Amino acid sequence: MTSFDTSPTLTAWRALLAVVVVFVMLTATGWSAVHHQRSDEARTLALASWARDRIAGRALPEADAPAHRLARFFATLTSAQRVALAGKYPSVVGNLNGAPVTLRYHANRLALKQAAAEERRRAHDASLSADGRDQAERRQARFRSLLAGDRQILAFDPSGQGRAAEVFGNLDRAARVSVIVPGVDTNLLTLERSRHANTAPVGMARSLYGAERAAAPGTRTAVIAWADYTAPAGLGVDAALGRLAADGALRLNAMVGALPGTPTVSLFCHSYGSVVCGVAADEAPRRVADIAVAGSPGMRVTSARQLDTGARIWATRDRGDWIGDVPHLELGGIGHGADPVDPRFGARIVSAAGAKGHSGYFEPGTASLDSFAAIGVGAYGSVRCAGADGACHSGIYGEGATRRA
C-alpha cells in the first residue's frame, strides 16, 4: 500500500495539480457536461396526463409521491386495473418506486417497444444527419437487446442519454440484494457491452450475481445493475464536481428504500459511482449494511467516519488503476476528498489481486469479485484482505453502531 506524505509543500503541489488537471479536462472536453440531451416530450405528456387522470373514480397519486404511498395505492387496485394503468402509462408506471416490481417489468417492456419503434422511425428520417440516424440505429439495437428473453428491467427512461436498471434474480423473494452503482459515461448505449462485458453495468451485475450464487447457493440473492442516474459524460467538469452525485444519491436512496420485503442491501460503487455512494451514505436506508468502492476518486469526505453511516465501508484498487494517479483531495468544490484505500481513511481494504486496470474488478477469478460476492451474501470471513494482516476481518468500522431507520 502506498504511503502518503502530508507535508504542507506536497499538499500545496497536490492542490495545484488538481486545478491543472481540471483545467486540462475542461479545455480538452469543452465542458463535456451533460448538455445537448434529447428532449422527452412523450414522457412529459404522459406525466401531465397521469396527473389529470382517475381510476375507479379516484385521482391517481403524484408520480413523485413517497414509495410507501404508491405501494398502498397499487395494493388497492385489482390486477386488471394495474395492468391497465401500465398499458396506458408505461413510461410512468415503469419508473414508480413502490409499484410492484413485476408490474414495473411489464410496463418497461411496453415502454421499450415504444422507444424502439420511435428509434426505427428516426433511423429512416432523412431530415436527420447521418450521425443522428446512426445513433438512432444504435439506440434501437440497445432497446431490442433489453427486450430479449425475460430480462427484468426495473427502470427505463430513454430521454437524453438515457437511464435504466436491470435485476438479476428474484427481487420479491431476495434476502440479500446487491446494487451496482457505475460511474462516468454510463448511459443506455454503454449499459452493456458484447466485448469486455464485465466492464459495463449489466455485465458487472451478472458477474456478481453468478459469484454470489456460487458463494452461497442457499441464499436468496438478487443483484441490480443500477444505471438510473445521470452520470458525467466524459472526464469533464461534472466528473470533478459533486452535482450529479447529489442527484444520483437521492435517486439511489429512494430506490433502495422502496425495495420489496426486508432484504439486507450491499452497494458496490465503481469509479464516480463511489462519489454517489459517499453522498448517499448518511441518508441511506437502514437496510444498507455494506458500501464497497472500487477504483474510487473519493467519497467527498476525509474519512470513513465522516460518512456518518452504520454501514461497513470497504475499498479496493488495482495497482494499475489510473485513478490512483488522480489527486485525492477537494478544493473549492473540485475533487472528491481523501483516497478510500489510504489506511488512514478507515475503510476495510480488499485485495484486488487479478483485477487489471480501472474496470477489471468484476472479472471472474479476481479477488475483488470473490470478496464482493462474500460481502453481498454476508460471508465476511471469506473476504480477501489487502495485505497479510487480515485487518478487514475484525473491528469493522460501523460494527455495533446505531442504525437509523
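Described below are features of the structure shown in this document. Fair warning: this is a prediction, and the values are worked out from it, not measured in the lab.

### Some remarks on the pattern of salt bridges
Right, on to step 1. Across all of its chains, the model carries 18 salt bridges by this definition.
Right, on to step 2. The shortest N-O distance in the salt bridge between Asp 290 and Arg 312 comes to 3.9 Å. Of this pair, Asp 290 sits in strand 8 (residues 288-294) while Arg 312 sits in strand 9 (residues 312-316), and the two are 22 residues apart along the sequence. Neither residue differs from the other here; Asp 290 and Arg 312 are each classed as buried.
Right, on to step 3. Put simply, Arg 344 and Asp 342 hold a salt bridge, and the shortest N to O gap is 2.9 Å.
Right, on to step 4. The class of Asp 342 is buried, set by a relative accessible area of 9%.

### Focus: the pairing of strand 3 (residues 152-157)
Right, on to step 1. Burial analysis of strand 3 places 5 of its 6 residues in the buried class, which makes it a mostly covered element.
Right, on to step 2. By the bridge criterion, 5 bridges tie strand 3 to strand 4 (residues 163-169) in an arrangement that is antiparallel. Bridge pairing links Ile 153 to Glu 166 in strand 4.
Right, on to step 3. From the end of strand 3 to the start of strand 4, which pair antiparallel, there are 5 residues, and Gly 160 there has a positive phi angle of about 60 degrees.

### Description of the nonpolar core
Right, on to step 1. Residues Leu 171, Val 179, Ile 224, Leu 252, Leu 267 and Ile 291 are the most contacted members of the largest nonpolar core, which totals 47 residues.
Right, on to step 2. The element that contributes the greatest number of residues to this core is helix 10 (residues 243-257), accounting for 6 residues.
Right, on to step 3. Residues Val 202, Val 350, Ala 355 and Cys 385 belong to the second largest nonpolar core, which totals 41 residues.

### Re the side chain of Asp 290
Right, on to step 1. Asp 290 sits in the buried class, given a relative accessible area of 0%.
Right, on to step 2. Side chain to side chain, Asp 290 and Tyr 380 meet in a polar contact 2.6 Å long.

### Considerations on the state of the cysteines
Right, on to step 1. Under the criterion given, the structure shown has 2 disulfides.
Right, on to step 2. A disulfide bridge connects Cys 269 with Cys 277, and the sulfur atoms are separated by 2.1 Å. For the disulfide bridge between Cys 269 and Cys 277, the dihedral angle about the S-S bond is near -90 degrees, and by the sign convention the bridge is left-handed.
Right, on to step 3. Since its relative accessible area comes to 1%, Cys 269 is described here as buried.
Right, on to step 4. Covalent S-S linkage joins Cys 385 and Cys 392, the inter-sulfur distance amounting to 2.0 Å. Every disulfide takes its handedness from the sign of the S-S torsion; for Cys 385 and Cys 392 that torsion is -100 degrees, giving left-handed.
Right, on to step 5. Of note for the protein: the bonded cysteines, numbered N- to C-terminal, pair according to 1-2, 3-4.

### A look at the packing of helix 4 (residues 79-88) against helix 6 (residues 101-123)
Right, on to step 1. For the pair helix 4 and helix 6, interaxial distance at closest approach is 9 Å and the crossing angle is 30 degrees. On the basis of the axis angle, helix 4 is roughly parallel to helix 6. Remark: the crossing between helix 4 and helix 6 carries right-handed chirality. Contacts between helix 4 and helix 6 pair Arg 82, Val 83, Ala 86 and Gly 87 from the former with Leu 103, His 106, Ala 107 and Leu 110 from the latter.

### Quick word on the side chain of Thr 366
Right, on to step 1. Here Thr 366 shows up in the loop between strand 10 (348-349) and helix 12 (367-377).
Right, on to step 2. In this structure the side chain of Thr 366 is engaged in a polar contact, spanning 2.7 Å, whose partner is the backbone oxygen of Glu 363.
Right, on to step 3. At 3.2 Å, the side chain of Thr 366 forms a polar contact with the backbone nitrogen of Leu 369.
Right, on to step 4. When neighbours within four sequence positions are excluded, Thr 366 is seen to be in contact with Ala 353, Gly 354, Ala 355, Gly 360 and Tyr 361.

### Topic: the packing of aromatic side chains
Right, on to step 1. Within this structure, the stated rule accounts for 7 aromatic pairs.
Right, on to step 2. Between Trp 50 and Tyr 89 the ring centres are 5.4 Å apart and the planes differ by 80 degrees, which places this aromatic pair in the edge-to-face class. A residue pair is termed long-range when its members are at least 10 positions apart, and Trp 50 in helix 2 (residues 41-52) and Tyr 89 in the loop between helix 4 and helix 5 (90-93) qualify at 39 residues.
Right, on to step 3. The exposure class of Trp 50 is buried, given its relative accessible area of 1%.
Right, on to step 4. Between Phe 73 and Phe 74, the aromatic rings sit 5.2 Å apart at their centres with planes inclined by 75 degrees, giving edge-to-face as the arrangement. A single burial state applies to Phe 73 and to Phe 74, both of which are buried.
Right, on to step 5. Among the aromatic residues, those joined into a ring-pair cluster are Phe 268, Phe 362 and Phe 372.

### Section: helix 10
Right, on to step 1. With 15 residues, helix 10 ought to run about 21 Å at 1.5 Å a step, and its terminal C-alpha atoms sit 22 Å apart, in line with that.
Right, on to step 2. All buried positions along helix 10 are accounted for by Leu 244, Ala 245, Gly 248, Ala 249, Leu 252, Asn 253, Met 255 and Val 256. On an axial view of helix 10, the arc spanned by its buried residues comes to 160 degrees, and they lie on one face. What points out from helix 10, more than 90 degrees from its buried face, is the exposed set Arg 243 and Leu 250.
Right, on to step 3. Buried residues in helix 10 make contact with strand 5 (176-181), strand 6 (221-227), helix 9 (237-240), strand 7 (264-270), helix 11 (272-280) and strand 8.

### Considering the sheet that holds strand 4
Right, on to step 1. A sheet is described by the order of its strands in space; here 8 strands give the open sequence 3-4-6-5-7-8-9-10, paired in mixed fashion. At either margin of the open sheet sits one strand with a lone partner, and together these are strand 3 and strand 10.
Right, on to step 2. In the packing of helix 6 onto the sheet, the strands contacted are strand 3 and strand 4, and the crossing angle to strand 3 comes to about 55 degrees.

### Some words on the packing of helix 10 against helix 11
Right, on to step 1. Look at helix 10 against helix 11: their axes get within 8 Å of each other, and the N-to-C directions meet at 65 degrees. The way helix 10 lies across helix 11 gives a crossing that is right-handed. From helix 10, Arg 243, Leu 244, Ala 245, Ala 246, Gly 248, Ala 249, Leu 252 and Asn 253 reach across to helix 11, where they touch Tyr 272, Val 275, Val 276, Cys 277, Val 279 and Ala 280.
Right, on to step 2. Taken together, the residues of the contact of helix 10 with helix 11 sort by class into 11 nonpolar, 2 polar and 1 charged.

Cut-offs applied
- Residues numbered from 1 in each chain as written.
- Predicted model: local features only at pLDDT ≥ 70, side-chain atom pairs only at ≥ 80, totals over all residues.
- Heavy atoms only, no water.
- Salt bridge = Lys/Arg side-chain N within 4 Å of Asp/Glu carboxyl O.
- Helix = DSSP H or I, 4+ residues; strand = E, 2+ residues; numbered from the N terminus.
- Buried < 20%, exposed > 50% of the residue type's maximum accessible area, 1.4 Å probe, protein only.
- Pairing = 2+ DSSP bridges.
- Core = buried A, V, L, I, M, F, W, Y, C linked by side-chain atoms within 4.5 Å.
- Polar contact = N/O pair within 3.5 Å; in protein donor to acceptor, adjacent residues only side chain to side chain.
- Disulfide = S-S within 2.5 Å.
- Axes fitted to C-alpha atoms, helices over the stretch in contact; angles between N-to-C directions.
- Parallel < 35°, antiparallel > 145°, perpendicular 65-115°, else oblique.
- Left-handed = near helix turned anticlockwise from the far one by under 90°.
- Contact = heavy atoms within 4.5 Å.
- Phe/Tyr/Trp six-rings, centres within 6.5 Å; stacked < 30°, edge-to-face > 60°.
- Expected span 1.5 Å × (residues − 1).
- Arc of directions from axis to C-beta.
- Nonpolar A, V, L, I, M, F, W, Y, C, P; charged D, E, K, R; others polar.

Any functional reading would require information that these geometric values do not contain.
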